[in-house]
Amino acid sequence: MSQELNPQSEQALDELADLVCQSLKNEGDDLVHRQDGLLKTLLMSGHHWKSDETVMTEVERRVKDRCGDTAMHRGGELTALTSRLSQKFGSLQRWESKSPSDDSPAKPANISSATDA
């Protein structure tokens, strides 16, 4: 990593790594419930601009540091989990970067602006 990440990004990456470790050890399914919020935190904090590593690479490195033996013995599952996280991060990134389409007309903000009342 060439640049230091902000505390929110560091915390989100640490939490993702912990959740992936739990999933590898079959200790819960919190990853499924919390991944969207943590990935959104990374996206909003500009992780894709600040880091030379992908989310998948960064989380995988942290998982190997935290639960080395489990990560080594379940390498295929680790790759599958981090790949799914990376795909989810990419889809969130694309969704956030889309601008509203021009083919839908502007809508009034409230009822009084839509009428002469």
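This text goes with the structure placed above it.
Computed from a predicted structure; not experimentally measured.

Caption draft 1: Representation of the overall build of the protein. Counting its secondary structure elements, the protein contains seven helices and zero strands. The proportion of buried residues among the 117 residues of the protein is 32%. Within the protein, contacts between residues separated by at least 24 positions form 72% of all contacts whose residues are at least 6 apart in sequence. Here the protein has roughly 7,600 Å² of accessible surface; of this, 50% comes from carbon and sulfur atoms.

Caption draft 2: Up close: the pattern of salt bridges. Scanning all chains against the criterion turns up 11 salt bridges. Close ionic contact of Glu58 with Arg62 constitutes a salt bridge, the shortest N to O distance being 2.7 Å. On the criterion of helical spacing, the pair formed by Glu58 and Arg62 is a turn pair, its members being four residues apart in helix 4 (residues 55-66). Like Glu58, the residue Arg62 is buried in the burial classification. For Glu77, the salt bridge goes to Arg74, with nearest N and O atoms at 2.5 Å. On the basis of relative accessible area, Glu77 is assigned to the partly exposed category, the value being 30%. By relative accessible area, which is 27% here, Arg74 ends up partly exposed. Members of the salt-bridge network, linked through shared partners, are Glu10, Asp14, Asp18, Glu58, Arg61, Arg62, Asp65 and Arg66.

Caption draft 3: Spatial organisation of helix 2 (residues 30-44). In this model helix 2 runs 21 Å from its N-terminal to its C-terminal C-alpha over 15 residues, within 8% of the 21 Å that 1.5 Å per residue would give. Approximately 35 degrees is the largest bend angle found in helix 2, and it occurs at Asp36. The complete set of buried residues in helix 2 reads Leu31, Gln35, Leu38, Leu39, Leu42 and Leu43. Two residues or fewer past helix 2, Gly46 is found with a positive phi of approximately 80 degrees.

Caption draft 4: Structural detail: the side chain of Gln35. With respect to the secondary-structure elements, Gln35 resides in helix 2. Classification of Gln35 as buried rests on a relative accessible area of 11%. Discounting residues that sit within four places of it in the chain, Gln35 has contacts with Leu16 and Leu85.

Caption draft 5: Structural context of the side chain of Thr82. Of note, Thr82 is situated in helix 6 (residues 75-97). By relative accessible area, Thr82 is classed as buried at 0%. If near-sequence neighbours (up to four positions away) are discounted, Thr82 is found in contact with Met56, Val59 and Glu60.

Caption draft 6: A look at helix 1 (residues 7-24). Its 18 residues place the ends of helix 1 26 Å apart at the C-alpha level, agreeing with the 26 Å of an ideal helix rising 1.5 Å per residue. Ser9, Ala12, Leu13, Leu16, Ala17, Leu19, Val20, Cys21, Ser23 and Leu24 are the residues of helix 1 that are buried. Where helix 1 ends, the next residue or the one after it, Asn26, has phi of about 55 degrees, a positive value.

Rules behind the numbers
Residues numbered from 1 in each chain as written. Predicted model: local features only at pLDDT ≥ 70, side-chain atom pairs only at ≥ 80, totals over all residues. Heavy atoms only, no water. Helix = DSSP H or I, 4+ residues; strand = E, 2+ residues; numbered from the N terminus. Buried < 20%, exposed > 50% of the residue type's maximum accessible area, 1.4 Å probe, protein only. Contact = heavy atoms within 4.5 Å. Areas by Shrake-Rupley, 256 points an atom, 1.4 Å probe, with all protein chains shown as cover. Salt bridge = Lys/Arg side-chain N within 4 Å of Asp/Glu carboxyl O. Expected span 1.5 Å × (residues − 1). Bend = angle between axes of the 7 residues up to and from the residue.

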